[in-house]
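Fold and geometry: a report
Listed here are the chains, written in short residue letters.
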Amino acid sequence: MTTLKKLLICSVSLIIFFFVEIAIDIACGGEVDPYDYYISFFHNNLQRTQEYEPFYFTSYKFLYDDDERVSEAEINSREWAAYLGTGVKTADVQKVMYRLKGSADTALYEGYLAGKGSLPDSLKNNTFLQALPSNKSALKYYRFAKSVEAIANVKFEYWDPKEMDTDGLKSAGDEALKNANSENDKFIKLRYLYQAQRLLHYGKNYEQAANVYDKYLVNYKTDSHVKGWALALNAGEKRRLKDTVQAAYLFSKVFAQYPERRIQAYRNYNYINVKASQVLTLAANKSEKAVIMAIDGFSNSELDGRSLKEVYQYEPTSDMVGVLLVREINKLEEYYLTPTTTAGNSVLANAYYSRLADSSKLRAQNHMKQLSAFCEQLSSEKKYPEYGLGKLAQAYMAWMQKDTKGGQAYMDELKGEKLSEKFNDQKQIIQLLLLAQGIQQYNDVNEATLLPSLKWLNEKVAHEVKTTTSSQDWGFYGQYPFAATARNFYQDIMAPAYLKQHDTSKAALVMLQGDATVKKVTEPSYQTINFWQNYLHSSAINKIVGWKKSAQATPYLNFLAKKLVTYKSDDLYELLGTAYLREHKYPEAAAALSQVSEKALNKFPTNFYDEKATGADPFINQMPDYPKLMLNKNGKGYNKRQFAQAMAGFQKQIKADPKNASAYYFAMATAVYNTSTYGNAWYLISYNWSSTDYGRKSIYYYDTDYIRTSNAEKLFLQARQLSSSAEFKAKCTFMAAKCRQKQIKLPSYSDFPDYNYTKLQDAEKLYDKAVRRNPYFAELQKSYGKTAYYKLAVNDCSYLRDFLQAGRK
């Protein structure tokens, strides 16, 4: 096989397995970030308003965001401040009504508001409290509202659930209604009526609560949001009284008119679970129909063109049109750009999952045709205020389908259009994607054309990280759309392109470039670490070391190389030395590792067996793999540099002392075996170890040693060939048998597309036969059956005994 052909096979395998590994890590890793689980370049926050952010697309959560965009407390406080007159501050009302701690709140209620004391120093300047006593109706109502808090605002505790005081709530509700009927102040009367309905509702007196609403509140002339809160209660009452369609309709009205209760209304609408067609029959106008269909669309995580089209038909100027359109684009990204993975599935190319992915893509392609037609309508009619969204969506969908010319044509139609800053940013991103897609071969010229756009994106990420604060803890990229765009572009578009060109060094560089820097944290992502640690040969790492040391010839490469500050010299030379160990270039490994500090060399993996972190002695030869013997009596463990020096020494001795070459080959064979997942010193060539490594398929280029132990087998055979001792030959043969056994893949469910248990059982039986019919067992029996080592092996190895027993039958 020619060197070029070997490189091609290696590169293609690398592309497949590297991106399969990322998908596996996502599928089998920790909790999924619901904002960042699919490849996306189309930002969901493009609209002129973020009023509907809770309804952006994510199929991992019921809502994208659980927080209302408008504060009910602020609305109520503002209404009170306006009612009480000039000088009363909204913030003062909100502080007293919603922010006082229990003890201060109680003292205020039982003291100053009861006429039994003065205000504490902390509240002396509170304009709300200063104005309240002069308004007897307001003071009386406020005292009533405070008096019923204890029974109305009962917090549910799972381990100590408290039953509602239904009698107390009924009594309080009747009192509120009585107060309302005797009250002439319209502002206060409304709040008494609301309290009456609310208290009766909480006390499960739904019919009485509904009667209060129907008799007093439904036609109450006011602009107060209290009326909306009463409407929300009435919707709940309709639901409890089994009038579910009416309930859903009322919740849709709350959704539309009262943003402080929008999420609550949305949840309740969906809990009722009625068909949109039923609710539409109650709608009074097109605007109400648009809201009903929008709620239906926001609730659908599947591809859905109907809701979008109908909302546009009913109310083409609504901001909900843009939200629904972007939702569909994001869904297409999940269907079309993101690999289909399932936890436990070890190979994406698995035929079963390939069929699922093909089916999803076909469905997505059909949806894109329909969506593109809608976007054309949106752009041409110009009824929607931000109609440029249509062309952006069309250009992006063309890019998704690899129609570069078509995408550019759509982009050209936006020339001369005045776009918002967010739309211009999205245009830049799509332009970058189309530019990259049009490049057939990455070279100095083409890379230079990309550089201005990459610098722009880099600046966007830096600004975003600097200015954005997030209280959510789902994960970094889900909160930073430009950082996610950069990562996805570098790691899902550019890295594969370089891998196809067999340029793993630049693939590694763009992987690193895709990792955003958060504040002072500069650690690379898991995907980047995984790629650098498992897929780079020494030749690629040497290039990277050179790039870090000096300025580069091209501005493009210089731009990317700046990110190498992430890696210290210790990191790079340790990585280089490890690659040389994997390639059995021991003198080169020793030289590279000599530039690594002792502290870094003696830092062993956290899941290494040796709790004292002294390493292991890889030259210990064991007949059984378990229990592992880590150190000899001298207690000497080896770090990577010591191991490289020892192995380089054996290579020299083989040439200098050929008479004893068999012993040197055996020592090297033992060491190479011990660097496998089955040995005591896997940390010398691998950065991670897992119990699932046993017998798995080869993924990494060093799996010839780490999984299959093929090179160790060859070295044991060389040692055997050069020896004249039957005992030594028996030992070499048995060790070769152990190596050959590791080359038989252990069956797993993922080997079978249909997860057929019967086929798995059949494969396991074949595996059991294969490990017991090891060809070296026959050699042991025939040629070395009289040796003492053979007798020890028969006593120790059950596989060998099974082989012998089968031969006797």
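Rules and cut-offs
Residues numbered from 1 in each chain as written. Predicted model: local features only at pLDDT ≥ 70, side-chain atom pairs only at ≥ 80, totals over all residues. Heavy atoms only, no water. Helix = DSSP H or I, 4+ residues; strand = E, 2+ residues; numbered from the N terminus. Buried < 20%, exposed > 50% of the residue type's maximum accessible area, 1.4 Å probe, protein only. Contact = heavy atoms within 4.5 Å. Axes fitted to C-alpha atoms, helices over the stretch in contact; angles between N-to-C directions. Parallel < 35°, antiparallel > 145°, perpendicular 65-115°, else oblique. Nonpolar A, V, L, I, M, F, W, Y, C, P; charged D, E, K, R; others polar. Left-handed = near helix turned anticlockwise from the far one by under 90°. pLDDT = per-residue confidence, 0-100. Core = buried A, V, L, I, M, F, W, Y, C linked by side-chain atoms within 4.5 Å. Phe/Tyr/Trp six-rings, centres within 6.5 Å; stacked < 30°, edge-to-face > 60°. Lys, Arg positive; Asp, Glu negative; His and termini not counted. Salt bridge = Lys/Arg side-chain N within 4 Å of Asp/Glu carboxyl O. Polar contact = N/O pair within 3.5 Å; in protein donor to acceptor, adjacent residues only side chain to side chain. Arc of directions from axis to C-beta.

Further remarks concern the overall build of the chain. If you tally the helices and strands in the chain, you get 39 helices and 0 strands. For the chain, the proportion of its 809 residues judged to be buried stands at 52%. For the chain, the proportion of contacts with a sequence separation of at least 24, taken over those separated by at least 6, is 67%.

Okay, the packing of helix α12 (residues 244-257) against helix α15 (residues 286-298) next. Direction vectors running N to C along α12 and α15 enclose 95 degrees, while the axes themselves pass 9 Å from each other. Judged by the angle between their axes, α12 and α15 are roughly perpendicular. Packed against α12, whose contacting residues are Y249, S252, K253, F255 and A256, the element α15 presents E288, V291, I292, I295 and F298 at the interface. Across the contact of α12 with α15, the residue classes tally to 7 nonpolar, 1 polar and 2 charged.

To continue, consider the packing of helix α24 (residues 504-513) against helix α26 (residues 538-549). At a minimum axis separation of 8 Å, α24 and α26 run at an interaxial angle of 55 degrees. Relative to α26, the element α24 lies oblique. Handedness of the α24/α26 crossing: right-handed. Across the interface between the two elements, T504, S505, K506, A508 and L509 from α24 touch A540, K543, I544 and W547 from α26.

Before going further, it helps to examine the confidence of the model for the chain. On average, residues of the chain score 88 in pLDDT, and 89% of them reach the 70 mark or higher. With pLDDT under 50 throughout, residues 1-13 is counted as low confidence; its partners more than four residues away or in other chains account for 7 contacts. Throughout residues 341-353 the model reports pLDDT below 50, and contacts reaching past four residues in sequence, or to other chains, amount to 31 contacts.

Within the largest apolar cluster, 242 residues are counted, with the highest numbers of intra-cluster contacts made by W80, F128 and W532. Contact partners of W532, with chain neighbours within four places excluded, come to A508, L509, L512, I544, L564, Y567, L572 and L575.

What follows covers unusual backbone geometry. In terms of backbone geometry, most residues other than glycine have negative phi values and most peptide bonds are trans. That bond from Y626 to P627 is cis: its omega, -5 degrees, falls within 30 degrees of zero. Here P627 shows up in the loop between α30 (598-601) and α31 (640-656). With phi around 60 degrees, N273 is a residue other than glycine that occupies positive phi space. According to the relative accessible area criterion, N273 is exposed, its value standing at 68%.

Further remarks concern the side chain of S252. Looking at the secondary structure, you find S252 in helix α12. Relative accessible area serves as the criterion here: at 3%, S252 is assigned to the buried category.

So, on to the packing of aromatic side chains. The final tally for this structure, using the stated rule, is 48 aromatic pairs. With a centroid separation of 6.4 Å and an interplanar angle of 40 degrees, the aromatic rings of F255 and Y266 are classed as tilted. With F255 in helix α12 and Y266 in helix α13 (residues 262-272), this residue pair connects regions lying 11 residues apart in the sequence. Both residues of the pair, F255 and Y266, belong to the buried class.

Glancing now at α13. Residue pairs three or four apart in sequence face the same way in an α-helix, which turns once every 3.6 residues. Here α13 has its buried residues at R262, I263, A265, Y266, N268, Y269 and I272. Lining the buried residues of α13 we find α11 (226-240), α12, α14 (276-280) and α15. Positive phi appears at N273, one or two residues downstream of α13, with a value of about 60 degrees.

The topology assignment puts E260 in the loop between α12 and α13. The side chain of E260 is buried and forms no salt bridge, while R261, the nearest opposite charge, is found at 6.2 Å. One polar contact links E260 to H225, side chain to side chain, over a distance of 2.7 Å. At 2.8 Å, the side chain of E260 forms a polar contact with the side chain of W229. E260 has contacts with E68, V70, S71, E72, I75, H225 and W229, leaving out every residue within four places of it along the chain.

Here we take up helix α10 (residues 206-217). All of the buried residues along α10 are Y206, A209, A210, V212, Y213 and L217. Across the axial projection of α10, the buried residues extend over an arc of 150 degrees, all falling on one side. Opposite the packed face of α10, turned more than 90 degrees from it, sit the exposed residues E207 and K215. Those residues of α10 hidden inside the fold are in contact with α8 (166-181), α9 (186-202) and α11.

Right, let's talk about the pattern of salt bridges for a bit. Inspection of every chain in the model, using the stated rule, returns 32 salt bridges. For the salt bridge of E72 with R261, the shortest nitrogen-to-oxygen distance reads 2.5 Å. Taken together, the residues E72 in helix α2 (residues 72-84) and R261 in the loop between α12 and α13 connect sequence positions 189 residues apart. You can call R261 buried: its relative accessible area is 10%. Residue D174 pairs with K170 through a salt bridge whose shortest N-O separation is 2.7 Å. Of this pair, D174 and K170 both sit in helix α8, separated by 4 residues, roughly a single helical turn. We classify D174 as partly exposed; its relative accessible area is 34%.

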